[in-house]
Amino acid sequence: MNRPCRISATVLTTLLTLMVFATGCNSSGCMENQSSIPLAGFYSAGTEERVVIDSIKVYGLGAPGDSALTSSVRASQVYLPLRSSAESTAFCFRYLQKDLDTPQLIDTLTLDYDSEPRFVSEECGAMYFYHVRRLTHTRHLIDSVAMPDSLIDNVDIERLKIYFLTQTVDDTPGADPDQTEQE
């Protein structure tokens, strides 16, 4: 004989209460990345391989004290924080290597964007996401800049690829890298 399965109200209430406590008590708090800061990687314009730029200083224009994001370091990536209270942020790339450390070779990268506050959760609160409308740059040592997606959110991935003009050194034995060939 098949008898219908009946759950008493007490058992059902107890199960529901346990489920609420098990899912409602989150002691870990906000585990998401709360910053929407674009990461820029450095690449060679000729080979499209990642490069390390020796002795580079990157700083934001118009930031308090034009604060440096990197200074006199070797870098293959840099975070470029955007200002949520502005519609544009510009960054300067100053090359500190011998023969490159002149004001005429400082490159500027400018991002024009719309900032959008988004409520994520009670634990995480709100954060800004950015929709880039336009990206411009000078062309001293920066050849080009690629940005596959115009949305900058809190996912920590490389958003910009900055392609630098690079020089390759001839590895041929006996070759003098400072000597040019004449015809």
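Please refer to the structure higher up on the page.
A quick note: this is a predicted structure, and the numbers were derived from the prediction, not measured.

Participant: What exactly am I supposed to notice about the environment of Val-52 here?
Facilitator: With respect to the helices and strands, the residue Val-52 is situated in the loop between β1 (39-44) and β2 (53-61). Assessed through its relative accessible area of 46%, Val-52 is described here as partly exposed. In this structure the C-alpha to C-alpha distance between Val-52 and Arg-74, which are 22 residues apart in sequence, comes to 6.2 Å.

Participant: Just checking my understanding: could you explain the packing of aromatic side chains for this structure?
Facilitator: The relation between two aromatic rings is expressed through the spacing of the ring centres and the mutual angle of the planes. The tally for this structure, following the rule as stated, stands at seven aromatic pairs. A centroid spacing of 6.2 Å and a plane angle of 90° characterise the contact between Tyr-95 and Phe-164, whose relative ring orientation is edge-to-face. Taken together, the residues span a long stretch of sequence, with Tyr-95 in strand β5 (residues 88-95) and Phe-164 in strand β10 (residues 158-164) at a distance of 69 residues. Clustering of aromatic rings is evident, with ring pairs tying together Phe-42, Phe-93, Tyr-95 and Phe-164.

Participant: What should I look at first to understand the sheet that holds β10 in this one?
Facilitator: Hydrogen bonds along the backbone pair up the strands of a sheet, which may run parallel or antiparallel. Strand order in the open sheet formed by four strands is β4-β1-β10-β8, with mixed pairing between adjacent strands. Both outer strands of the open sheet, β4 (77-79) and β8 (142-146), are each paired with one neighbouring strand and no more. The mean inter-strand angle of the sheet, taken between neighbouring strand axes irrespective of direction, is 25°. Pairing of β1 with β10, which is carried by six bridges, proceeds in the parallel orientation. From the neighbouring strand, Phe-42 faces β10, where its bridge partner is Ile-162.

How each quantity is defined
- Residues numbered from 1 in each chain as written.
- Predicted model: local features only at pLDDT ≥ 70, side-chain atom pairs only at ≥ 80, totals over all residues.
- Heavy atoms only, no water.
- Helix = DSSP H or I, 4+ residues; strand = E, 2+ residues; numbered from the N terminus.
- Buried < 20%, exposed > 50% of the residue type's maximum accessible area, 1.4 Å probe, protein only.
- Phe/Tyr/Trp six-rings, centres within 6.5 Å; stacked < 30°, edge-to-face > 60°.
- Pairing = 2+ DSSP bridges.
- Axes fitted to C-alpha atoms, helices over the stretch in contact; angles between N-to-C directions.

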